[in-house]
Amino acid sequence: MSDTILSIRNLIIRRGDFILNDVSLDIHERELFAVIGKTGAGKTMLLEASAGFCKPDHGQVLYRGTPVRDIPLHKRNIGYLYQDYNLFPHMTAAGNIGYSLKMRHVPNSEIQSMVQEIARLFEVDGVLDQYPGTLSGGGNSSGWHLHVRCS
Amino acid sequence: MTFQGTRSFLSNVMRTETLFAIGLSVRTACVSTLLCFLLAVPTSFILERTSFPLRPVVETALELTMSLPNIVLGLSMLIIFASPFGKALKHAGFPVVFSQNGIVLAQLIVNLPFAIKLSTAAFRDVDVKLEHVAGLLGASPFRQFSTILLPLSRHTLISALILVWSRALCEFGATLMLVGVTRMKTETLPAGIYLDVSTNDLSGALSSAFMLLLISALSLGIANRLTKKNVRWSRHV
């Protein structure tokens, strides 16, 4: 189907004793798709495989018709929110938020004003100079959210 | 009693031979450490972050090299560089056997597996998810390396660099086999100790040994301080 963004076919991933067994699904354009399951069911593994972070033992993950792992990471155009935030610990909140803009060669002055603007909007402008290790849980999640949004 | 206090130590250290040995040791250790890391960092990256098919072979070769006595490595290098290949290198203006180039090369070969092991461990300590995140945020593989992996492992890498430098400074076995020990020519600090002992100058040998001990202790102290990761962005516990 032409409006299929993500197509997973007979995905099998083995990690030690755990097996994510034979998952197939299609996600279409503008569709909101939730994966629900108990702890240890393999939701995170499914998401990581969908983003192409891990190599399946069997099956395929197609992103807009192309095997996702064949697309270079920086050209996949996928936003991925880790449950443990994964902000870059050696960068300030501002550095984290503006990272994707910097990687897209946006001029520094523009990055600064965009980061200020978006931080004000999400009321995290008071912690822009802080490092993730010193941020509260809420601050980390906001930072990470903006991190992905800016991309 | 052969070691007669600070004055004796200073006069021994200020001898032309000892100053030459210190200069040569520091110079060769700096060059070999630099070359070591220029080779070790990309190799470690390939071993740790890519699905390199020959990884088990390379890892076994590294472990084997590390477990060999330095003198055996030196002997192997002597056989290689005393061959027509080594002679061709000499004619091309790069003599190895009995020359200072050989000292750098001996230190490089002895330390390279060690440097690769340390750099690989440094990269392994960094959560690969952060590089995935950077990639998804638009960073090319090189930018993932330069903006995430390298800054996050730099303290461990710098401390590894210092340890490797210190090992290079103290290298003797491989150097002895490849370049011999000639006063004021291929005389590094450990070689100086050997020469002093063989000429029954125990005071000179002890002074050089003390110099090596001082330099090693200082570099170990710096390396330990850096591995404590007392950096401003570290998570408070």
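Residues numbered from 1 in each chain as written. Chains lettered and ligands numbered in written order. Predicted model: local features only at pLDDT ≥ 70, side-chain atom pairs only at ≥ 80, totals over all residues. Heavy atoms only, no water.

Student: How would you summarise the overall build of chain A if you had to cite specific residues and measurements?
Tutor: Counting its regular elements, chain A contains five helices and four strands. Classification of the 151 residues of chain A by burial places 42% in the buried group. Considering only residue pairs separated by 6 or more positions, chain A has 56% of its internal contacts joining residues 24 or more positions apart. A total accessible area of about 8800 Å² is found for chain A, and carbon and sulfur atoms account for 50% of it. (Helix = DSSP H or I, 4+ residues; strand = E, 2+ residues; numbered from the N terminus. Buried < 20%, exposed > 50% of the residue type's maximum accessible area, 1.4 Å probe, protein only. Contact = heavy atoms within 4.5 Å. Areas by Shrake-Rupley, 256 points an atom, 1.4 Å probe, with all protein chains shown as cover.)

Student: Please provide a residue-by-residue account of the interface of chain A and chain B, values included.
Tutor: Facing 27 residues of chain A, the contacting portion of chain B comprises 24 residues. Carbon and sulfur atoms supply 66% of the area that chain A and chain B bury against each other, a total of about 2300 Å² over both sides. When residues of chain A are sorted by the area they lose upon contact with chain B, Leu73, His74 and His90 of chain A head the list and together hold 25% of the total. The interface formed by chain A and chain B contains zero salt bridges. Only α3 (99-103) and α5 (137-150) of chain A provide two or more residues apiece to the side of chain A that touches chain B. Broken down by element, the side of chain A that touches chain B gets its largest block of residues, four residues, from α3 of chain A. Of the residues contributing to the side of chain A that touches chain B, the split by class is 14 nonpolar, eight polar and five charged. (Buried area = accessible area lost by both parts, 1.4 Å probe. Salt bridge = Lys/Arg side-chain N within 4 Å of Asp/Glu carboxyl O. Nonpolar A, V, L, I, M, F, W, Y, C, P; charged D, E, K, R; others polar.)

Student: Tell me about the packing of helix α2 (residues 16-49) of chain B against helix α8 (residues 141-170) of chain B, residues and numbers included.
Tutor: All names here are of chain B. At their nearest, the axes of α2 and α8 sit 9 Å apart, and the two run at 140 degrees to each other. Here α2 is positioned oblique relative to α8, judged by the angle of their axes. The hand of the α2/α8 crossing is right-handed. Within the contact between the two elements, α2 uses Ser25, Val26, Ala29, Cys30, Ser32, Thr33, Cys36, Phe37, Val41, Phe45 and Arg49 and α8 uses Phe145, Leu149, Leu157, Ala160, Leu161, Val164, Trp165, Ala168 and Leu169. Split by residue class, the contact of α2 with α8 holds 16 nonpolar, three polar and one charged. (Axes fitted to C-alpha atoms, helices over the stretch in contact; angles between N-to-C directions. Parallel < 35°, antiparallel > 145°, perpendicular 65-115°, else oblique. Left-handed = near helix turned anticlockwise from the far one by under 90°.)

Student: Provide a residue-level description of the nonpolar core, including the pertinent values.
Tutor: In this structure, Leu11, Phe88 and Tyr99 of chain A together with Ile148 of chain B are the most contacted members of the largest nonpolar core, which totals 65 residues. Looking at this core, the element that brings in the most residues is helix α6 (residues 100-124) of chain B, giving 10 residues. Among the nonpolar cores identified, the runner-up in size contains 11 residues, and Ile22, Ala168, Met211 and Leu212 of chain B belong to it. (Core = buried A, V, L, I, M, F, W, Y, C linked by side-chain atoms within 4.5 Å.)

Student: For unusual backbone geometry, give the residues involved together with the corresponding values.
Tutor: Backbone geometry places Asn77 of chain A, a non-glycine residue, at a positive phi of 60 degrees. Unlike most non-glycine residues, Met184 of chain B shows phi in positive territory, near 60 degrees. With respect to the helices and strands, Met184 of chain B occurs in the loop between α9 (173-179) and α10 (189-198).

Student: Which residues make up the side chain of Glu48 of chain B, and what values go with them?
Tutor: Relative to the helices and strands, Glu48 of chain B resides in helix α2. Ignoring sequence-local partners within four residues, the contact set of Glu48 of chain B consists of Thr120, Phe123 and Arg124 of chain B.

Student: How would you summarise the pairing of strand β1 (residues 4-15) of chain A if you had to cite specific residues and measurements?
Tutor: Residue and element names in this part refer to chain A. Inspection of the sheet shows β1 paired to strand β2 (residues 18-28) by eight bridges, in the antiparallel sense. Directly across from Arg14, in β2, lies its bridge partner Ile19. Counted between consecutive antiparallel strands, the loop separating β1 from β2 contains two residues, among which Gly16 sits at a positive phi close to 65 degrees. Note: β1 against strand β3 (residues 58-63), five bridges, orientation antiparallel. Bridge pairing in β3 links Ser7 to Leu62. (Pairing = 2+ DSSP bridges.)

Student: Explain helix α1 (residues 5-13) of chain B to me, and be specific about the residues and the numbers.
Tutor: Residue and element names in this part refer to chain B. Taken together, the buried positions of α1 are Ser8, Phe9, Asn12 and Val13. Viewed along the axis of α1, the buried residues span an arc of 130 degrees, placing them on a single side of the element. Turned more than 90 degrees from where α1 packs its buried face, Thr6 and Arg7 sit exposed. Buried positions along α1 lie against α2 and α11 (202-227). (Arc of directions from axis to C-beta.)

Student: Tell me about the packing of aromatic side chains, and please be specific about residues and values.
Tutor: Tallying each qualifying case throughout the model produces seven aromatic pairs over all chains. Here the aromatic rings of Phe81 of chain B and Phe85 of chain B are separated by 5.9 Å at their centres, their planes lie at 35 degrees, and the arrangement is tilted. The exposure class assigned to Phe85 of chain B is partly exposed, which follows from its relative accessible area of 47%. An aromatic cluster is present here, built from Phe45, Phe123 and Phe145 of chain B joined pairwise through their rings. Over the aromatic face of Tyr63 of chain A sits the side chain of Arg64 of chain A, whose NZ or CZ is 5.8 Å from the ring centroid. When the ring centre of Phe114 of chain B is taken as origin, the NZ or CZ atom of Arg167 of chain B, which lies over that ring, is 4.1 Å away. (Phe/Tyr/Trp six-rings, centres within 6.5 Å; stacked < 30°, edge-to-face > 60°. Lys NZ or Arg CZ within 6 Å of the ring centre and 35° of its normal.)

Student: Can you tell me about the pairing of β3 of chain A, naming the residues and giving the values?
Tutor: All names here are of chain A. Of the pairings in the sheet, the one linking β3 to strand β4 (residues 66-67) comprises two bridges and is antiparallel in character. Residue pairing for β4: Tyr63 is matched across the bridge by Thr66. The turn joining β3 and β4, which pair antiparallel and follow one another in sequence, is formed by two residues; a positive phi near 50 degrees is taken by Arg64.

Student: Tell me about the environment of Leu112 of chain B, and please be specific about residues and values.
Tutor: All names here are of chain B. Within the secondary structure, Leu112 is located in helix α6. Separated by 77 residues in the primary sequence, Leu112 and Leu35 place their C-alpha atoms 8.9 Å from one another. Residues within four places of Leu112 in sequence aside, it is in contact with Cys36, Leu39 and Ala40.

Student: A description of the confidence of the model for chain A should follow, citing residues and the corresponding values.
Tutor: Averaged over every residue, the pLDDT of chain A is 85; residues scoring 70 or more account for 88%. When mean pLDDT is compared element by element in chain A, β3 of chain A scores highest at 93, while α5 of chain A scores lowest at 63. (pLDDT = per-residue confidence, 0-100.)

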